[in-house]
Amino acid sequence: MQVYKKMYLRLFNRVTDAIELLRKNDSEKALSLLIAAQQETEEIFLEEAGAED
């Protein structure tokens, strides 16, 4: 369950940053940030899943 908390916090913070970028009309940077956040949380999940095996 701890892995989901870590993933949630990472994703939530990145989404918050992306919203701020969108407010500043920097959609390209916001998109890049969201894609990176998606990749980061997927990596966290895969690392934790591998550690359980």
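Note: the structure precedes this text.
Residues numbered from 1 in each chain as written. Predicted model: local features only at pLDDT ≥ 70, side-chain atom pairs only at ≥ 80, totals over all residues. Heavy atoms only, no water.

(A) Here's a closer look at the pattern of salt bridges. On inspection of all chains with the given rule, the structure shows 3 salt bridges. Note that R10 and E40 form a salt bridge whose closest N and O atoms lie 3.5 Å from each other. Taken as a pair, R10 in helix α1 (residues 2-23) and E40 in helix α2 (residues 27-52) lie far apart in primary sequence, 30 residues in all. Given the relative accessible area of 22%, E40 is considered partly exposed. The salt bridge partner of E20 is R23, with a shortest N-O separation of 3.0 Å. (Salt bridge = Lys/Arg side-chain N within 4 Å of Asp/Glu carboxyl O. Helix = DSSP H or I, 4+ residues; strand = E, 2+ residues; numbered from the N terminus. Buried < 20%, exposed > 50% of the residue type's maximum accessible area, 1.4 Å probe, protein only.)

(B) Main features of α2. With 26 residues, α2 should reach 38 Å at 1.5 Å per residue; the first-to-last C-alpha distance of 38 Å fits that figure. Among the residues of α2, those classed as buried are A30, A37, T41 and I44. Residues of α2 that are buried make contact with α1. (Expected span 1.5 Å × (residues − 1). Contact = heavy atoms within 4.5 Å.)

(C) Spatial organisation of the environment of A36. When you line up the elements, A36 lands in helix α2. Using a relative accessible area of 24% as the deciding quantity, one classes A36 as partly exposed. Remark: the alpha-carbon pair of A36 and N25, spanning 11 residues in sequence, is separated by 19 Å.

(D) Quick peek at α1. Between its first and last C-alpha, α1 extends 32 Å over 22 residues, near the 32 Å set by a 1.5 Å rise per residue. Turning to α1, its buried residues are V3, M7, A18 and L21. On an axial view of α1, the arc spanned by its buried residues comes to 50 degrees, and they lie on one face. Seen from the open side of α1, the exposed residues pointing more than 90 degrees away from its buried face are Q2, Y8 and R23. Packed against the buried residues of α1 are α2. Directly beyond the C-terminal end of α1, a positive phi value near 60 degrees is found at N25. (Arc of directions from axis to C-beta.)

Note that every value here comes from positions in space, so none of it alone points to a role or purpose.
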